[in-house]
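Residues per chain, in single letters:
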Amino acid sequence: MLASCLKEILDRYEIEKTKRFKDNSLVLKIRKDLPKEFSKFIGDDFTVKAACGVSSWPEAPWITIISDIFDSSQEALIIQYNFDVINSSLSLSIISRLKDTKQYTSLRRFLSKFIDATQINGFQVNENADSNELLVKYYTYDQLNDVALKSDLDYIIPIYEDLSNHFMEFISDDVMSNKQTTHKKTQIRVKDITVSYSNENVYQNNLKNPEELFTDENIEKIIRCNIQTEDYKFILDTIRQSGHWTLTDLVRDYDLNLNELSVKDRVLIFAKSFTDVEYKSVGRILGSYSFSQIRIDDRLSRPLIITSIIHELTHFLLEKIIKEVLMKVLNTNDTPLISSFVKILLEDDLNYLLDEYCAHNVEGRFTLYGYQDYSSFNYKLNEISHLYSKEDIDYSLIVANTFAYDIKDIMEDFIDDDLREDIKDEFLRLPDRPDYEPLELEIDSKLEGNYFIEALALILTRGISDVLNNPQKLERYMNKYDEFFSNQ
């Protein structure tokens, strides 16, 4: 059954690539059926994923099998099947992934000591010193059968497990003592931890200048916003998973025990799993988010620092969600132009109001009852309420509340019940009396399905005229993001 599934992919892939990607039956088969077939041959301690692009056809699909001992696929040893759809063949290999690609040569030298080249059952040792591939075996189309595939997996998995243990040794501080960056464990302050954030390029295009972006075709794509609810859910899951991977890496790299951190630092390290956070000590603004950086005034009381971090992190997540939707619609990776477009569209009156309501709503979820605050939302509402109908404003709040539900769902993966109780205790130490009036601003209404997709289209469409009418602002923002992207 597995062999026939692999052969079907080799038979159909080049033909299917000429067809529409979305909802293609072969894409669904690769993503859903193929992992199930491989799972029949391996134990429960492995995760199988079959990849076939995100929104467009890659040159060829691939399958990864990774041991659950690895917290992140960003730094791991992986069993990988690669399809050669041109030559109707398949390869099975063990590959490594390292954050510091300069370490591949050292890793290969280290792991080669544990590979018995005389007994590798048809597998070849990759002799390229700079390659991340360690072992590989090739199959012609006619060599694909269930018996051979299962036999080779049974043979390679014990080797993979042994090499994985040595891989874990290699990435430990003892073996990698020559790395340029070392950390004094348990002594570094959470606020001093820095994170390198990178964008994964998964789309075909990289729109970098306004002439490329604002074609009639692209404007029509933005207005139509042709995505499905499944696409939106995938975006949310990807953002959530990215935060988990980064947090896992931070805990490991800095030897952090989350239970030993203060409540403030636990929230801070969670926020740093998504974007840069730093403290400031001047000005009247409690906190701000701009150009992928959160800034919080460290003169605030601990409870206000905590809720300010959550508030500003919500601004980041909302911007991230909208940006990912735009990237999906235009089939483009993130660029200074795309980031600037989203930043400008969120400065539109109703989008700005939506953004503030969403941030206050999410912040309020993790605040002690009676200490909710909607001050910046109320300020903006008073500023623009005479310019828009009540229906327009109410609709914006329902859309904002829809985003808030999704962002709270992401945050609750990190801020669990125990941490929420600890945050409540922080508020109980304040001398301030609770104020229940702001709770009247909270609503239950939210949009579902295509109604929400229509709202996304409206948000993106509002940005078109704002960007076109402000070329100097666009250029200024792009220059600012250029600095950010060059430092990644």
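It should be noted that the structure appears before, not after, this text.
Residues numbered from 1 in each chain as written. Predicted model: local features only at pLDDT ≥ 70, side-chain atom pairs only at ≥ 80, totals over all residues. Heavy atoms only, no water.

**Describing a negative patch on the surface**
Next up, step 1: Taken together, the side chains of D44, D45, D68, E161 and D162 present a region of like negative charge at the surface.
Next up, step 2: Within the fold, D162 resides in helix 4 (residues 146-170). (Patch = residues over 30% accessible without salt bridge, like charges linked within 9 Å, V, L, I, M, F, W, Y side chains within 5 Å. Areas by Shrake-Rupley, 256 points an atom, 1.4 Å probe, with all protein chains shown as cover. Salt bridge = Lys/Arg side-chain N within 4 Å of Asp/Glu carboxyl O. Lys, Arg positive; Asp, Glu negative; His and termini not counted. Charge placed at Lys NZ, Arg CZ, Asp CG, Glu CD. Helix = DSSP H or I, 4+ residues; strand = E, 2+ residues; numbered from the N terminus.)

**Side note on the nonpolar core**
Next up, step 1: With 97 residues, the main nonpolar core has F341 and F403 as its most contacted residues.
Next up, step 2: For this core, the element with the highest residue contribution is helix 9 (residues 302-330), accounting for 15 residues.
Next up, step 3: When sequence neighbours within four positions are dropped, the list of residues in contact with F403 reads Y232, L318, I321, I322, L354, C358, F452, L456 and I459.
Next up, step 4: In terms of nonpolar packing, the next biggest core, distinct from the first, is built from 57 residues, A3, I78, F83 and V85 among them. (Core = buried A, V, L, I, M, F, W, Y, C linked by side-chain atoms within 4.5 Å. Buried < 20%, exposed > 50% of the residue type's maximum accessible area, 1.4 Å probe, protein only. Contact = heavy atoms within 4.5 Å.)

**Details of the sheet that holds strand 9 (residues 293-297)**
Next up, step 1: Here three strands make up an open sheet; going across it, the order is 7-9-8 and the pairing mixed. Edge positions in the sheet fall to strand 7 (276-280) and strand 8 (287-290), since each of these pairs with one other strand and no more. Strand-to-strand twist in this sheet, taken as the mean axis angle between neighbours without regard to direction, amounts to 20°.
Next up, step 2: Relative to strand 9, strand 7 runs parallel, the two being bridged by five bridges. Looking at strand 9, one finds that V277 is bridged to I294.
Next up, step 3: Across the face of the sheet, helix 9 comes into contact with strand 7, strand 8 and strand 9 while running at roughly 160° to strand 9. (Pairing = 2+ DSSP bridges. Axes fitted to C-alpha atoms, helices over the stretch in contact; angles between N-to-C directions.)

**Some points on the pairing of strand 4 (residues 89-97)**
Next up, step 1: Burial analysis of strand 4 places eight of its nine residues in the buried class, which makes it a mostly covered element.
Next up, step 2: Bridge count for strand 3 (residues 76-84) against strand 4 is nine bridges, and the pairing is antiparallel. Within strand 4, the residue paired with I78 across the bridge is I95.
Next up, step 3: A loop of four residues connects strand 3 with strand 4, the two strands running antiparallel in sequence, and S88 in this loop sits at a positive phi of about 50°.
Next up, step 4: Of the strand pairs in this sheet, strand 4 and strand 6 (residues 133-139) are connected by six bridges, and their pairing is antiparallel.

**A look at the pairing of strand 1 (residues 46-51)**
In the case of a regular strand, side chains alternate between the two sheet surfaces.
Next up, step 1: On strand 1, burial follows the alternation: F46, V48 and A50 on one face are buried, whereas T47, K49 and A51 on the facing-out side are not.
Next up, step 2: Two elements, strand 1 and strand 2 (residues 62-67), share six bridges in a ladder whose sense is antiparallel. Looking at strand 2, one finds that A50 is bridged to I63.

**Points about helix 9**
Next up, step 1: Here helix 9 spans 42 Å end to end across 29 residues, near enough to the 42 Å set by a 1.5 Å rise per residue.
Next up, step 2: Count one or two residues on from helix 9 and you reach N331, which has phi positive near 55°. (Expected span 1.5 Å × (residues − 1).)

**Observations regarding the pattern of salt bridges**
Next up, step 1: Inspection of the entire model under this criterion finds 35 salt bridges.
Next up, step 2: Across the pair E37 and K40 runs a salt bridge, and its minimum N-O distance is 3.2 Å.
Next up, step 3: Its relative accessible area of 58% is what places K40 among the exposed residues.
Next up, step 4: Across the pair K323 and D334 runs a salt bridge whose closest N-O atoms are separated by 3.4 Å. Linking K323 in helix 9 with D334 in the loop between helix 9 and helix 10 (336-345), this pair joins segments that are 11 residues apart in sequence.
Next up, step 5: On the basis of relative accessibility, which here comes to 7%, the residue K323 falls in the buried class.
Next up, step 6: Each of E8, R12, E16, K19 and K29 takes part in salt bridges that share partners, so that together they form one network.

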